[in-house]
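# Coordinate inspection notes
Residue-level listing of the chains:
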Amino acid sequence: MTTDIDFELNADRLREECGVFGIYGHPDAAALTALGLHALQHRGQEAAGIVSFDGERFQTERRLGLVGDHFSSAKVIDRLKGNSALGHVRYSTTGETILRNVQPLFAELAAGGFAVAHNGNLTNGLALRRELIGQGAICQSTSDTEVILHLVARSQKSRIVERYIDAIRALEGAYALVALTNKKLIGARDPLGIRPLILGELNGAYILCSETCALDIIGAKYIREVENGEVVVISDEGIESLRPFPKQPARPCIFEYIYFSRPDSMLGGRSIYEVRKAMGRELARESALEADVVVPIPDSGVPAALGFAQETGIPFELGIIRNHYVGRTFIEPTQTIRSLGVKLKHNANRAVVKDKRVVLVDDSIVRGTTSVKIVRMMYEAGAKEVHMRISSPPIRHPDFYGIDTPEQKALLAATHTLEEMRDYIGVTSLAFLSVDGIYRAVGLPGRDNHRPQFTDHCFTGDYPTHLTDFSGDSKKQQLSLLAEAG
């Protein structure tokens, strides 16, 4: 059960989508998949699952909770026999956090067993689901990923790869999909490449995963990114690349650089860590000020704060110490305990901030509630001034592609002017990085408003795909959902 304290600590952060990891042709496939999921744990902490194939049968383990809680024992890994495996870590952006929603999802089809794992969110998943149920389909989960299983099953194509392509042609939105059959590992990236998918290799075995850090943890070699709109088929014959969609410019999600990807990952040929430092430098150029110390809001603000400090010459210090072991509180969340709020996770380093003009650097502001408490903590620790600098533009629009953002009315920047935000948070000054500043940080001259290089709708309101499920009265036509007890 999620407590009020858990909500207090997490409601004001963007929540990651999901992470996928698949490997074909290695005797330790399940163990390597578990390690890969460990590296991708930051992309989803609610559930994890692995499906393997041993040449005759599929095996599956799906559990609520962290990878290390369930996939660290030899007993579990030994049950997942085979030379190919597919894994998933989940944060639920659609559907509930219940066991039947935990991926990879598996079905027995006419062509044989088929497992699928999905990172992203379908913007026509509900419409497709309603149509399929109207045609007699029986849905067991509340996840949009199950729609893909039904589409593959109902395709009239003969080969499984053709069925897979037939299915993804019906999808709208963002997806990095990896599927496992008895003879193949198949990856697909949406036509705009909104969600990432990486191809790697280890001792002749091929890997598909969400980030390069998952390759690093097992000593695998990076080959390339799966391109937008590409389908990659891995089998005993090697790798086949298919292009079922008309070619168009890629528009990957800018939040992979700002927030989601691990700092030690590479994306688009760029170091995530270096891009985040560059965002801090751009922020300093746009909103420099006189201050005594630059303090990151850990952990997400650290690289940008380093860049800000280097550009301004203001000393960088750890003025906030994070407790990494909060987890779920064991204390009944009474009002007294609830009032402690953010101090369970962050505490001021008084020796650093007392009598200082402090610049707090973070990567984003969502609701603003955590920012209010951190600023208050700085003043209580003796800070003379508290300035806040954010290394991304104001988030004014919700996401529908796999990021868990609140409704627009709950986004602070959507309902307040900059000055009103400054007053609400309680800072001496407040500034955000500009949209063009984000683009400069990734090495571009700025945003091309005619052909945007990234998916940046949270800042600009420019959604790059149809939003079928979120238009008109569609949101009011939700299907009934079964709740699990316990």
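Everything numeric here is computed off the predicted structure, so don't read it as measured data.

## Points about the pattern of salt bridges
Tallied over the full model, the rule gives 26 salt bridges. Between Arg224 and Glu230 there is a salt bridge, with its nearest N and O atoms 2.8 Å apart. Across the pair Arg251 and Asp456 runs a salt bridge whose closest N-O atoms are separated by 4.0 Å. Here Arg251, found in the loop between strand S13 (238-242) and helix H9 (255-260), pairs with Asp456, found in the loop between helix H17 (435-441) and helix H18 (457-460); they are 205 residues apart in sequence, far enough to count as distant. A single burial state applies to Arg251 and to Asp456, both of which are buried.

## Structural notes on the sheet that holds strand S10 (residues 205-209)
Within the open sheet, the seven strands sit side by side as S3-S2-S4-S1-S10-S9-S11. Their pairing is antiparallel. Strands at the two margins of the open sheet, each flanked by one partner only, are strand S3 (58-64) and strand S11 (221-225). Direction aside, neighbouring strands of the sheet carry axes that sit 15 degrees apart on average. Where strand S9 (residues 198-202) lies against S11, four bridges are found, and the strand directions are antiparallel. Residue pairing in the sheet places Leu199 in a bridge with Arg224 of S11. Sheet contacts for helix H2 (residues 29-39): strand S1 (18-24), strand S2 (47-53), strand S4 (84-90) and S9; angle to S4, the most-contacted strand, approximately 25 degrees.

## Looking at the confidence of the model for the chain
Residue-level pLDDT values for the chain average 90, and 89% of them are 70 or greater. Low pLDDT, under 50, characterises residues 1-10; the predicted model gives this stretch 26 contacts beyond four residues in sequence or across chains. Low pLDDT, under 50, characterises residues 328-332; the stretch is placed with eight contacts to residues that sit more than four places away or in other chains.

## Examining the pairing of strand S19 (residues 357-362)
Of all the six residues making up S19, five are buried; the element is thus mostly covered by neighbouring parts of the structure. By the bridge criterion, four bridges tie strand S16 (residues 293-296) to S19 in an arrangement that is parallel. Of the residues in S19, the one forming a bridge with Val293 is Val358. Where S19 lies against strand S20 (residues 385-390), six bridges are found, and the strand directions are parallel. Bridge pairing links Val361 to Arg389 in S20. Since S19 and S20 lie parallel, the crossover through helix H14 (residues 369-380) that links them has a hand, and here it is right-handed.

## Notes on the packing of aromatic side chains
Counted under the stated rule, the structure contains ten aromatic pairs. Ring geometry for Tyr259 versus Phe260: centroids 5.4 Å apart, planes at 80 degrees, classification edge-to-face. For Phe260, a relative accessible area of 1% corresponds to the buried category. Three or more aromatic residues joined by ring pairs make a cluster, and in this case those are Phe255, Tyr259, Phe260 and Phe459.

## Concerning unusual backbone geometry
A negative phi angle characterises most non-glycine residues, just as the trans form characterises most peptide bonds. Following Gln103, the chain continues into Pro104 via a peptide bond in cis, with omega recorded as 0 degrees. Checked against the element boundaries, Pro104 lands in the loop between S4 and strand S5 (105-109). In this chain, Pro298 is followed by Asp299 through a cis amide linkage whose omega measures -10 degrees. Within the element layout of this structure, Asp299 appears in the loop between S16 and helix H11 (302-312). One non-glycine residue, Asn203, lies in positive phi territory at about 50 degrees. With respect to the secondary-structure elements, Asn203 resides in the loop between S9 and S10. Although it is not a glycine, Asp355 sits at a positive phi angle of roughly 65 degrees.

## Concerning the sheet that holds S20
In a beta sheet, neighbouring strands pair by backbone hydrogen bonds and run either parallel or antiparallel. The four strands lie next to each other as S16-S19-S20-S21, forming an open sheet whose pairing is parallel. Looking along the sheet, the strands with just one partner apiece sit at the ends: S16 and strand S21 (429-432). Going from strand to strand, the sheet's axes swing by 20 degrees on average, the running direction of each strand aside. On top of the sheet, H11 reaches S16, S19 and S20; it is set at about 165 degrees to S16, its chief contact. Running over the sheet, helix H16 (residues 418-425) touches S20 and S21 and is turned about 125 degrees from S21.

Definitions and cut-offs
Residues numbered from 1 in each chain as written. Predicted model: local features only at pLDDT ≥ 70, side-chain atom pairs only at ≥ 80, totals over all residues. Heavy atoms only, no water. Salt bridge = Lys/Arg side-chain N within 4 Å of Asp/Glu carboxyl O. Helix = DSSP H or I, 4+ residues; strand = E, 2+ residues; numbered from the N terminus. Buried < 20%, exposed > 50% of the residue type's maximum accessible area, 1.4 Å probe, protein only. Pairing = 2+ DSSP bridges. Axes fitted to C-alpha atoms, helices over the stretch in contact; angles between N-to-C directions. Contact = heavy atoms within 4.5 Å. pLDDT = per-residue confidence, 0-100. Right-handed = clockwise from strand over helix to strand, strands pointing away. Phe/Tyr/Trp six-rings, centres within 6.5 Å; stacked < 30°, edge-to-face > 60°.

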